[in-house]
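Structural overview
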Amino acid sequence: MAGNVVGLDEVPGAVEANLTAFFEQREPAVREIGEPVAEAVAHLRNFVMGGGKRVRPRYGWAGFVGGGGIARGEEDPEAVLRAVSSLELIQACALVHDDIIDASDTRRGNPTVHRAVEADHRAEGLRGDAATHGVNAAILLGDLALAWAEDMWRYSGVSAAALERAAEPWVGMRTEVIGGQLLDIMLEGRGSESKELADQVNRFKTAAYTIERPLHLGAAIAGASAEVIEAFRGYGRDIGIAFQLRDDLLGVFGDPEVTGKPAGDDLREGKRTVLYATALELLGSTGEAEELRAGIGKAQSPDELNRLAQIIRNSGAEDAVEQRISELTASGLGYLDGLDPAVADTLAAMARKATDRRM
């Protein structure tokens, strides 16, 4: 966005270096607790370092640079990069717990954390039930990731004034992502067919902590104006929801080679997505609507899942969600009007990358 500034393409490398340093700093204290703890924490480290596009730190850095942080020169850019790197630990907490809730076996093409710990338990012939052991350990590892995110954020080296400016979005983000996950499982339990509530899940479980709040955090650290922060948040909300809607499509129609998860995973898990609610709305009082209601969360075989996916496609819901992604992308980009052209161009490119992911 500006000369001699770490570019967005360089952010993932900086984030990985910061995360590596953080885990190494924590290793002596972990080993002092006990070698079995160190072995468990190795699974968290492998998960955090084993993939991901570092989307959240990218947006955090974009918010800082776009909010004028480099120009003001009041914060150490290296400290800011450490601060936004902590968002990957928030992400780790969310994904580790989400995989337990969804009973997922793979993530990014590798075993989920609870399955990896389970496999170790079984291979070593330890006492008790291996699956229960894996879940119990992974719950605690997700908790540890959340605690360590706070440590990495607070002791990143950004100024006390910057931490104070960013306190509201930091506190809000953590409540939103956990609250969004709670809403998600509550809707599953109630068999919800509400598009409005599914949208709330998209907003708070994913959009807020993926794009909206990282931009907000970076801009707050920079000391950006209220007008710039408002524009960033509007963009982040709409692009973030479009990002999750793309995930909804991938969760039903995605190629496992691309997504790293089995085909039809959302249908198997019983996710009450906007895609699902839209399909039911379009199907009305038909036999296919009842078949979809009866199958979601219960279908397991590839043939059953393919049948449900075909019902959704036949309903026109896939096209409707694609249209909504296009509309949200356009409205999100509209918030960039009036911002610095270099900032706007960068965020526009990031929006297209987030919402145009391949199946």
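Anyway, here's the lowdown on the structure attached to this text. These numbers come from a predicted model, not from an experiment.

About the cut-offs
Residues numbered from 1 in each chain as written. Predicted model: local features only at pLDDT ≥ 70, side-chain atom pairs only at ≥ 80, totals over all residues. Heavy atoms only, no water. Helix = DSSP H or I, 4+ residues; strand = E, 2+ residues; numbered from the N terminus. Buried < 20%, exposed > 50% of the residue type's maximum accessible area, 1.4 Å probe, protein only. Polar contact = N/O pair within 3.5 Å; in protein donor to acceptor, adjacent residues only side chain to side chain. Contact = heavy atoms within 4.5 Å. Core = buried A, V, L, I, M, F, W, Y, C linked by side-chain atoms within 4.5 Å. Patch = residues over 30% accessible without salt bridge, like charges linked within 9 Å, V, L, I, M, F, W, Y side chains within 5 Å. Areas by Shrake-Rupley, 256 points an atom, 1.4 Å probe, with all protein chains shown as cover. Salt bridge = Lys/Arg side-chain N within 4 Å of Asp/Glu carboxyl O. Arc of directions from axis to C-beta. Axes fitted to C-alpha atoms, helices over the stretch in contact; angles between N-to-C directions. Parallel < 35°, antiparallel > 145°, perpendicular 65-115°, else oblique. Nonpolar A, V, L, I, M, F, W, Y, C, P; charged D, E, K, R; others polar.

Here we look at the side chain of Ser-156
In this structure, Ser-156 sits in the loop between helix H8 (130–154) and helix H9 (160–165). Overall, Ser-156 belongs to the buried group, its relative accessible area being 2%. A polar contact is formed between the side chain of Ser-156 and the backbone nitrogen of Val-158, at a distance of 3.5 Å. When neighbours within four sequence positions are excluded, Ser-156 is seen to be in contact with Ala-79, Arg-82 and Ala-83.

Looking at unusual backbone geometry
Here the phi dihedral of Ala-103 falls at roughly 55°; this positive angle occurs in a residue that is not glycine. In this model, Arg-108 sits at a positive phi of 55°, which is unusual for a non-glycine residue. By the secondary structure assignment, Arg-108 is in the loop between strand S1 (106–107) and strand S2 (110–111). The partly exposed category is assigned to Arg-108, whose relative accessible area is 27%.

Digging into the nonpolar core
Membership of the largest hydrophobic core comes to 76 residues, with the highest contact counts inside it found for Tyr-59, Trp-61, Leu-89, Tyr-235 and Leu-347. Look past the residues within four positions of Trp-61 in its chain and what remains in contact with it is Val-5, Val-6, Leu-8, Val-11, Ile-70, Pro-77, Val-80, Leu-81 and Val-84. In terms of nonpolar packing, the next biggest core, distinct from the first, is built from 28 residues, Ala-242, Leu-283, Ile-296 and Leu-308 among them.

Structural notes on a nonpolar patch on the surface
A cluster of nonpolar residues, Ile-101, Ile-178, Leu-182, Ile-185 and Met-186, forms a patch on the protein surface that exposes about 410 Å² of accessible area. Per-element tally for the nonpolar patch: the top contributor is helix H10 (residues 167–190), with four residues. Classification of Ile-178 as partly exposed rests on a relative accessible area of 43%.

Overview of helix H16 (residues 287–295)
Within the span of H16, buried status applies to Ala-289, Leu-292 and Gly-295. Buried positions in H16, seen along its axis, are confined to an arc of 140° and lie on one side of it. Where H16 is buried, its residues touch helix H15 (274–283) and helix H17 (302–315). Looking one or two residues beyond H16, the residue adopting positive phi is Gly-297, at roughly 80°.

Focus: the packing of helix H1 (residues 11–33) against helix H5 (residues 77–85)
The geometry of H1 relative to H5 is characterised by a closest axis approach of 9 Å and an angle of 80° between their N-to-C directions. Classified by the angle their axes make, H1 and H5 are roughly perpendicular. Counting all contacts with H1, which are made through Val-11, Ala-14, Val-15, Asn-18 and Leu-19, the residues of H5 involved are Leu-81, Arg-82 and Ser-85. Looking at the contact of H1 with H5 residue by residue, the class counts come to five nonpolar, two polar and one charged.

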